[in-house]
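Architecture at a glance
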Amino acid sequence: MLKKLRIQNFKGWKDTGEIAMAPITLFFGANSSGKSSIGQFLMMLKQTVELQDRKTVLYSGGKNSAVQLGSYQEMVFQHYETNKISFDYNWTLPEEMKTKDPLSKNEFSGNNISFNAEIGFENTLILNSLEYNLLKDDKSVLSIGMERKEQETGAYEVKADKYNIMRNPGRAWPLGVPVRFYGFPDEVLAYYQNVDFVQELNLRHEKLFRSLYYLGPLRTKAERLYSWSGIEPENVGYAGENTISTILAARSRQIGLVKPAGRYVSAEKSFQEVIALKLKEMGLIEEFKVGKIAKQRYEYEVKVRTKGSSDWVDLPDVGFGISQVLPVLVQCFFAPANSIILMEQPEIHLHPLAQSALADVMIDVIKSKEKGKDRNIQLIIETHSEHFLRRLQRRIAEHSDALKGKVSAYFANVSQTPTTLEPLQIDDYGNILNWPRNFFGDEMTDIIEQSKAALKTQKKLKKNRTSEACQ
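An account of the accompanying structure is given in this report. Owing to the predicted nature of the structure, the values given are computational and were not obtained by experimental measurement. (Residues numbered from 1 in each chain as written. Predicted model: local features only at pLDDT ≥ 70, side-chain atom pairs only at ≥ 80, totals over all residues. Heavy atoms only, no water.)

For the protein chain, the count of helices and strands is 11 helices and 22 strands. If one aligns the C-alpha atoms of the protein chain with their principal axes, the spans along those axes are about 110 × 65 × 45 Å. Expressed as a percentage of its 471 residues, the buried residues of the protein chain come to 50%. Pairs at least 24 residues apart make up 60% of the contacts formed inside the protein chain by residues separated by at least 6 positions. Carbon and sulfur atoms make up 48% of the accessible area of the protein chain, which amounts to about 23,400 Å² in all. Taking the average location of the 62 positive side-chain charges in the protein chain and that of its 58 negative ones, the two points are 4 Å from each other. (Helix = DSSP H or I, 4+ residues; strand = E, 2+ residues; numbered from the N terminus. Buried < 20%, exposed > 50% of the residue type's maximum accessible area, 1.4 Å probe, protein only. Contact = heavy atoms within 4.5 Å. Areas by Shrake-Rupley, 256 points an atom, 1.4 Å probe, with all protein chains shown as cover. Lys, Arg positive; Asp, Glu negative; His and termini not counted. Charge placed at Lys NZ, Arg CZ, Asp CG, Glu CD.)

Right, here's the structure in full:
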């Protein structure tokens with residue numbers, strides 16, 4: 001789970017400042033305020049990690065990528081190629097990392113890792129530096145990284161703190177170029193006697209980004225028939241195209257739901273039952289099921305029964321909002337333990353009441369269990385929904401102890417140049433202490449102007465009636 005994030009000189013952000021992440025982290029702001037860029041940056045790092053080419057520092061994306069950011073000049077702040085993109089983040093480890101120095105016999109262990117890097121452009125992308133810091137309860141245990149030698153083209157040196165690295169005897173040779181934006185090359189292991197643990201740092205970093213899943217704001221429309229060959233998809237897809245295959249693949253899974261106060265609502269339910277229950281709680285349907293159209297066929301149909309009706313209908317025959325929110329629910333409960341789910345506008349095409357209920361679903365997600373263990377899911381959500389936020393505020397007030405530290409929210413403020421990312425201060429009563437001006441529109445001005453217009457209309461009508469009575 002990400003704990004902190006900071007990005008500098010990327011797209012519209014000179015500096016996001018330190019972003020404190022929580023199990024539910026929300027980003028608000030006007031269109032083109034830059035809030036989407038934060039998610040785009042994380043997805044760029046993910047697609048770089050998953051790229052086969054180990055020499056590509058940053059992969060800005062191709063035809064089928066989650067994000068396509070173009071050239072360095074297009075994505076660097078103010079399009080100045082002399083600006084350097086730098087970033088740092090801190091994440092918790094599902095399992096503690098332990099290492100032992102074979103020379104000193106000292107042991108080191110940590111439950112968090114922080115990482116920072118700086119990338120520049122000199123006819124091509126250049127990684128200027130990378131650094132890892134192993135932390136034990138936020139206290140540094142050791143740090144190690146690579147830094148580019150300014151005087152030698154393509155040459156790097158390893159630097160460490162609180163850990164004495166020892167070079168192998170013999171003639172020195174080049175260390176090699178780092179792997180992508182984060183990795184120590186194999187030459188480092190041969191160059192030093194006691195740095196084998198850097199391989200684990202590489203792997204832990206890759207595991208972090210492989211646990212990141214993305215769902216975009218525009219989801220595919222519902223179909224009448226779905227084919228499934230029995231293969232389990234990794235996720236629902238960037239546009240939710242694998243949603244029904246995912247439901248079918250997860251039929252044997254059982255999910256435990258927990259009240260905000262921390263106790264079980266009921267025994268674990270099947271995956272499909274959980275999805276149906278959440279759709280019902282949101283007021284969207286009464287019943288939901290996925291089944292084969294015939295025994296010998298590998299085609300499936302999704303049937304829905306809406307509230308107040310006894311008839312089952314196909315998914316395309318009900319409100320568009322159901323097909324749009326279904327991938328959101330499925331991805332949230334399908335993702336494996338310790339996943340990070342990045343979503344844009346999960347509330348799209350939902351009416352206000354359902355948007356509010358969706359906030360309750362997100363609380364259910366971060367508190368859900370599987371096989372008796374916490375799933376430990378983190379949700380990073382870009383949203384425009386006031387109703388979504390208001391419900392979260394209410395739940396914080398009702399269950400302040402259970403939800404303490406579980407929600408963080410940020411507002412992209414474009415009234416300043418450059419744009420700033422302001423943390424919303426939410427107290428234990430759900431109050432936002434620093435509510436930004438015109439956060440969700442100027443409601444009070446609209447009320448005042450409506451009252452003025454109504455009074456003006458009343459006077460006009462009264463005048464007309466008086467005139468007609470005198471004739």
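Right, picking up where we left off after that structure.
A word on the packing of aromatic side chains. Applying the stated criterion across every chain, the model contains 21 aromatic pairs. Measuring from centroid to centroid gives 5.9 Å for F87 and F181, while their planes differ by 65°, and the two rings are edge-to-face. In this pair, F87 is assigned in strand β5 (residues 85-100) and F181 in the loop between β9 (156-161) and α3 (186-191), connecting sequence segments 94 residues apart. Accessibility classification places F87 together with F181 in one group, the buried group. (Phe/Tyr/Trp six-rings, centres within 6.5 Å; stacked < 30°, edge-to-face > 60°.)

Moving on: the pairing of strand β17 (residues 340-344). In regular strands, side chains alternate between the two faces of the sheet. Of all the five residues making up β17, five are buried; the element is thus mostly covered by neighbouring parts of the structure. With burial as the criterion, each face of β17 is covered, one bearing I340, L342 and E344 and the other bearing I341 and M343. Relative to β17, strand β10 (residues 212-215) is paired through four bridges, and the arrangement is parallel. The residue bridging L212 from the neighbouring strand is I340, located in β17. As paired strands, β17 and strand β20 (residues 378-382) are joined by five bridges and run parallel to one another. Note on β20: the bridge partner recorded for I341 is L379. (Pairing = 2+ DSSP bridges.)

What follows covers the environment of I363. Relative to the elements of secondary structure, I363 occurs in helix α8 (residues 352-367). Note on I363: relative accessible area 3%, which makes it buried. In this structure the C-alpha to C-alpha distance between I363 and K462, which are 99 residues apart in sequence, comes to 53 Å.

Turning to the nonpolar core, a few remarks are in order. Where a protein is soluble and globular, its nonpolar side chains tend to be buried together. Formed by 69 residues in total, the largest nonpolar core has its most connected members in F87, Y89, F115 and F181. Per-element tally for this core: the top contributor is helix α1 (residues 35-49), with seven residues. Not counting residues up to four positions away in its chain, the partners in contact with Y89 are L2, K4, L5, L45, I113, S114, F115, F181, H205, L208 and F209. If you look at the next biggest cluster of nonpolar residues, it comprises 67 residues, including A250, L284, I322 and L389. (Core = buried A, V, L, I, M, F, W, Y, C linked by side-chain atoms within 4.5 Å.)

Glancing now at the pattern of salt bridges. As enumerated under the stated definition, the model contains 26 salt bridges in all. Salt-bridge contacts for R210 lead to E206; the nearest nitrogen and oxygen are separated by 3.6 Å. Of this pair, R210 and E206 both sit in helix α4 (residues 198-210), four residues apart, which is roughly one turn of the helix. One connected set of salt bridges, linked through shared partners, spans D360, R391, R394, R395 and E398. (Salt bridge = Lys/Arg side-chain N within 4 Å of Asp/Glu carboxyl O.)

A few words on the pairing of strand β6 (residues 107-121). With 12 bridges joining them, β5 and β6 adopt antiparallel strand pairing. Within β6, the residue paired with Y89 across the bridge is F115. Taking the residues that link successive antiparallel strands as the turn, the β5-β6 hairpin has six residues, and the phi of K105 there is positive, at about 70°. Bridging between β6 and strand β7 (residues 125-136) involves 10 bridges; their strand directions are antiparallel. The partner of E118 across the bridge, within β7, is S129. Taking the residues between adjacent antiparallel strands as the criterion, β6 and β7 are bridged by three residues, where N123 takes a positive phi near 70°.

Here the largest pocket is characterised by a volume of approximately 340 Å³. Forming the boundary of the largest pocket are 20 residues, of which K55, V57, Y156, V177 and P178 lie nearest the centre. Mapped by element, the contributors of at least two residues to the lining of the largest pocket are β7 and α3. Top element by residues in the lining of the largest pocket is β7. It accounts for three residues. (1 Å grid on protein atoms, 1.4 Å probe; cavity = no way out; pocket = protein on both sides within 12 Å on 5 of 7 lines; lining within 4 Å. Points joined across faces, edges and corners; volume = space filled by probe spheres on them.)

For the structure on display, the rule yields one cavity of 30 Å³ or more. Empty space within the largest cavity amounts to approximately 60 Å³. If you trace the largest cavity, you find it lined by F27, K35, S36, I38, G39, Y214, L342, M343, E344, I380, I381 and E382. Mapped onto the lining of the largest cavity, the elements with two or more residues apiece are α1, β17 and β20. Looking at the lining of the largest cavity, the element that brings in the most residues is α1, giving four residues. When the residues that make up the lining of the largest cavity are grouped by side-chain class, the tally is seven nonpolar, two polar and three charged. (Nonpolar A, V, L, I, M, F, W, Y, C, P; charged D, E, K, R; others polar.)

Turning our attention to unusual backbone geometry. The phi dihedral of K105 is positive, around 70°, even though this residue is not glycine. Along the chain, K105 turns up in the loop between β5 and β6. Residue classification places K105 among the exposed positions, given a relative accessible area of 52%. Backbone geometry at D137 places phi at a positive 50°, although glycine is not the residue there. Within the secondary structure, D137 is located in the loop between β7 and β8 (139-148). Given a relative accessible area of 55%, D137 falls into the exposed group.

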